There are 2 protein chains.
Amino acid sequence: MRIPKSKIKNPKSKIGKAPLLVIGSVAFDSIKTPHGKAEKILGGSATYFSLAASWFVPVQVVAVVGEDFGEEHRRLLQDRGVDTAGLERVPGKTFYWSGEYVGDMNEARTLETQLNVFEKFSPTIPASYLASEFVFLGNIDPVLQLHVRRQLPKARLAGLDSMNYWIKGKPEDLKRALAEVDVLLVNETEARMLSGLSNLKKAAEVIRKMGPRTLVIKRGEHGVMLFAKDGIFSAPAFPLDEVHDPTGAGDSFAGGFMGHLARAGDFSPSQLRRAVIYGSVMASYAVEEFGVARLLRLTPKEIEARYDEFKKLTHFDA
Amino acid sequence: MRIPKSKIKNPKSKIGKAPLLVIGSVAFDSIKTPHGKAEKILGGSATYFSLAASWFVPVQVVAVVGEDFGEEHRRLLQDRGVDTAGLERVPGKTFYWSGEYVGDMNEARTLETQLNVFEKFSPTIPASYLASEFVFLGNIDPVLQLHVRRQLPKARLAGLDSMNYWIKGKPEDLKRALAEVDVLLVNETEARMLSGLSNLKKAAEVIRKMGPRTLVIKRGEHGVMLFAKDGIFSAPAFPLDEVHDPTGAGDSFAGGFMGHLARAGDFSPSQLRRAVIYGSVMASYAVEEFGVARLLRLTPKEIEARYDEFKKLTHFDA
């Protein structure tokens, strides 16, 4: 039965049609926080991104996994509307990361990293993905990011994530990739390192001249700053009673941010600001439980409810 | 000539009538930052507070100074509408502080502190101040804060500032003072120390049960959180191209915050949120120049303009 439009309580919470492609890592994580620990649970930037974005649009994932990646893991993604045609399974073991959060949990202490099959990751874009208009280049070698970007000439919006390791290690390659994307998402330290400037407003000016006309600076528990053509937008993080596991917060933010824009199909200043809030909503839910558990059992109603709470959290009268 | 009300372009920018009393320190500061240095300039918490608040209401100051405090310094305050009847001049030298800011300038490194006449500060409230309905107990010994609070039975709104030194050194006296105030302003570290909890939301619940129904947590370049009866309000700091001298930012915030509330005469949730923004406006101007220079040459129009910019900085569509 087709439900008449007037009966749909919240049309905003509908899933869009245009797919969003993400390339990044799929991993197994072992995580310890003051609230508990988890062994070898599904993680990786592309996983968090895909599951967060899946509440907004269909997602196409490009990543590599090993033989320890089972059908149950693939099904977990597929059940959330993630197309896994680009999730290549090769001999060897999946990328493994083990880390610990202490004190205020603002930073992870890496205990172990096994790149495994990720070390030789050479992304292949399935033919069915080549018409994608929305793409997110997760935090991988900028040479690969650019390689993927160039295979997607129809992309109307390309986002990119990077980190200290590439900013220091492959600055020229990163700059070439930056020249061909629309949005860059980094944290405060990375923005300062990339621009060579400590003042964030000045750093943003420099970075936006490198290519991405929109810059998102993630500040963890201090929220997010957006630098775009209409000026600066500043949003707080959602105050939570307890953060159980900060892993994937940034990737979940990116998933909500890009997911909203792909669903809206419009990158106006007003939609970019909304996207920051949807990103913050997804990040705030992600950290409520270990791994991706909370992202799996969300509801559109919960997403909209927290969006409204962000409105209440930041509102003041003129 | 009396200007008809309809001709006043911005009635919000008018100075209120009810005086706001502040007790705190008046000092001479020597300051070094990456942008320059200044020797023995007028400072102290009560000075920054008074000058910031003076743009909203008449201010009454209670503090002690030494013989090196000249008529020119007193006149500087009086010219901004600050009543200095409670500014006692005694034999000896004025409180002196010397400090340096490096790197991101988030914290001052104290080079020298000479308490001088401040060491024996025993505040006397002039008779002309005793009917004050608005009072701010600046960061001094909590025993003195309570002593002053009790001499002002007509106070409808009492704010209090404190610091690590008193939280650790005189916890019981501080709790007695907190039980008799409406608003507490502290920074993140102090809120955690006072409550014994690292999660700010939980810390706020504990602190609000100690007395102050309104809690303001100052987070420097990361903005301000307000915990009040309508829930949490989170406001960013104003992104500046350059911070010349962070000294007095917190006291200027408090001056704008309390000043707006005294002018409004109403402490509703909506006015408390507005007060946070006015406080943030005053702090953002204060740090643009060394010492109190920028607070002296402000205009009501500039204050309103930056308030509007805060609206633009934080606005997103529902």
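Keep in mind the model is a prediction, meaning the values are calculated, not measured.

Caption draft 1: The arrangement of the overall build of chain A in detail. Summing up its helical and strand segments, chain A has eleven helices and 13 strands in all. A compact globule built from 318 residues would reach a C-alpha radius of gyration of about 20 Å, and chain A, at 18 Å, matches this within 12%. Across its three principal directions, the C-alpha atoms of chain A cover 60 × 55 × 45 Å. Burial analysis of chain A (318 residues in total) assigns 57% to the buried set. Within chain A, contacts between residues separated by at least 24 positions form 63% of all contacts whose residues are at least 6 apart in sequence. Taken as a whole, chain A presents about 13,300 Å² of accessible surface, with 53% of it coming from carbon and sulfur. Both charge centroids of chain A, one from 43 positive and one from 38 negative side chains, sit 7 Å from each other.

Caption draft 2: Expanded view of the interface of chain A and chain B. Taken together, the 34 residues of chain A in the interface contact 34 residues of chain B. Between chain A and chain B, roughly 3,300 Å² of surface is buried when both sides are summed, and carbon and sulfur atoms account for 45% of that area. Put simply, chain A and chain B have six salt bridges between them. The closest approach of N and O atoms between R192 of chain B and E221 of chain A, which form a salt bridge, is 3.9 Å. On inspection of chain A and its partner chain B, the count reaches 22 residue pairs in polar contact (both at pLDDT 80 or more). Counting only elements with at least two residues in the side of chain A that touches chain B, the list comes to α6 (188–195), α7 (200–209), β13 (231–235), α9 (269–286) and α11 (300–314) of chain A. Tallying contributions element by element places α11 of chain A first for the side of chain A that touches chain B, with six residues.

Caption draft 3: Representation of empty space enclosed by the protein within the structure. Applying the stated criterion to the full structure yields three cavities of 30 Å³ or more. At the level of elements, β13 of chain A together with β13 (231–235) of chain B are the ones that each hand at least two residues to the lining of the largest cavity. Looking at the second largest cavity, the residues that line it are S13, W55, F56, R263, P300, I303 and E304 of chain B. A total of three residues in the lining of the second largest cavity trace back to one element, the largest contributor, which is helix α11 (residues 300–314) of chain B.

Caption draft 4: Structural view of the side chain of T214 of chain A. Along the chain, T214 of chain A falls in strand β11 (residues 214–218). In this structure T214 of chain A touches D182, V183, L184, L226, F227, A228 and L272 of chain A, once residues within four positions along its chain are discounted.

Caption draft 5: Seen up close, the pattern of salt bridges. By the definition in use, this model includes 36 salt bridges over all chains. Residues D230 of chain A and R273 of chain A are paired through a salt bridge, measuring 3.2 Å at the closest nitrogen-oxygen approach. A residue pair is termed long-range when its members are at least 10 positions apart, and D230 of chain A in the loop between β12 (224–228) and β13 and R273 of chain A in helix α9 qualify at 43 residues. Linking E133 of chain B and R156 of chain B is a salt bridge whose minimum nitrogen-to-oxygen distance equals 3.2 Å. On the criterion of sequence distance, the pair formed by E133 of chain B in the loop between β7 (108–114) and β8 (134–137) and R156 of chain B in the loop between α3 (142–150) and β9 (157–161) is long-range, its members being 23 residues apart.

Caption draft 6: View of the environment of F136 of chain B. All names here are of chain B. Within the secondary structure, F136 is located in strand β8. Exposure remark for F136: the relative accessible area of 3% places this residue in the buried category. Sequence separation of F136 and G259 is 123 residues, and the distance between their C-alpha atoms is 9.9 Å. Beyond its immediate sequence surroundings of up to four residues, F136 is in contact with L20, L21, V22, I23, F49, G159, L160, D161, L185, A254 and M258.

Caption draft 7: Local environment of the nonpolar core. With 100 residues, the main nonpolar core has F257 and M282 of chain B as its most contacted residues. Setting aside chain neighbours within four positions, we find F257 of chain B in contact with V183, V216, L272, A275, V276 and G279 of chain B. Membership of the second largest hydrophobic core comes to 99 residues, among which are L42, L51, F69 and V276 of chain A.

Caption draft 8: How the structure looks around the packing of aromatic side chains. Counting across every chain of the model gives 24 aromatic pairs over all chains. Both rings, one in F28 of chain A and one in F69 of chain A, keep their centres 6.3 Å apart while their planes meet at 40°; by these two values the pair is tilted. With F28 of chain A in strand β2 (residues 27–33) and F69 of chain A in the loop between β4 (59–65) and α2 (71–78), this residue pair connects regions lying 41 residues apart in the sequence. In this pair, the class of F28 of chain A matches that of F69 of chain A, namely buried. Consider the rings of Y165 of chain B and W166 of chain B, whose centres lie 4.8 Å apart with planes at 80°: the pair is edge-to-face. Judged by relative accessible area, Y165 of chain B falls into the exposed class, the value being 58%. What makes W166 of chain B buried here is its relative accessible area of 14%. Every member of this aromatic cluster is reached through a ring pair, and the members are F56, F233, Y278 and Y307 of chain A together with F316 of chain B. Looking at R263 of chain A, its charged tip hangs above the ring of Y278 of chain A, at a distance of 5.5 Å from the centre. Above the ring of W55 of chain B, the side-chain terminus of R80 of chain B is found at 3.5 Å from the ring centroid.

Parameters at a glance
Residues numbered from 1 in each chain as written. Chains lettered and ligands numbered in written order. Predicted model: local features only at pLDDT ≥ 70, side-chain atom pairs only at ≥ 80, totals over all residues. Heavy atoms only, no water. Helix = DSSP H or I, 4+ residues; strand = E, 2+ residues; numbered from the N terminus. Rg over C-alpha atoms; globule rule 2.2 N^0.38 Å. Buried < 20%, exposed > 50% of the residue type's maximum accessible area, 1.4 Å probe, protein only. Contact = heavy atoms within 4.5 Å. Areas by Shrake-Rupley, 256 points an atom, 1.4 Å probe, with all protein chains shown as cover. Lys, Arg positive; Asp, Glu negative; His and termini not counted. Charge placed at Lys NZ, Arg CZ, Asp CG, Glu CD. Buried area = accessible area lost by both parts, 1.4 Å probe. Salt bridge = Lys/Arg side-chain N within 4 Å of Asp/Glu carboxyl O. Polar contact = N/O pair within 3.5 Å; in protein donor to acceptor, adjacent residues only side chain to side chain. 1 Å grid on protein atoms, 1.4 Å probe; cavity = no way out; pocket = protein on both sides within 12 Å on 5 of 7 lines; lining within 4 Å. Points joined across faces, edges and corners; volume = space filled by probe spheres on them. Core = buried A, V, L, I, M, F, W, Y, C linked by side-chain atoms within 4.5 Å. Phe/Tyr/Trp six-rings, centres within 6.5 Å; stacked < 30°, edge-to-face > 60°. Lys NZ or Arg CZ within 6 Å of the ring centre and 35° of its normal.

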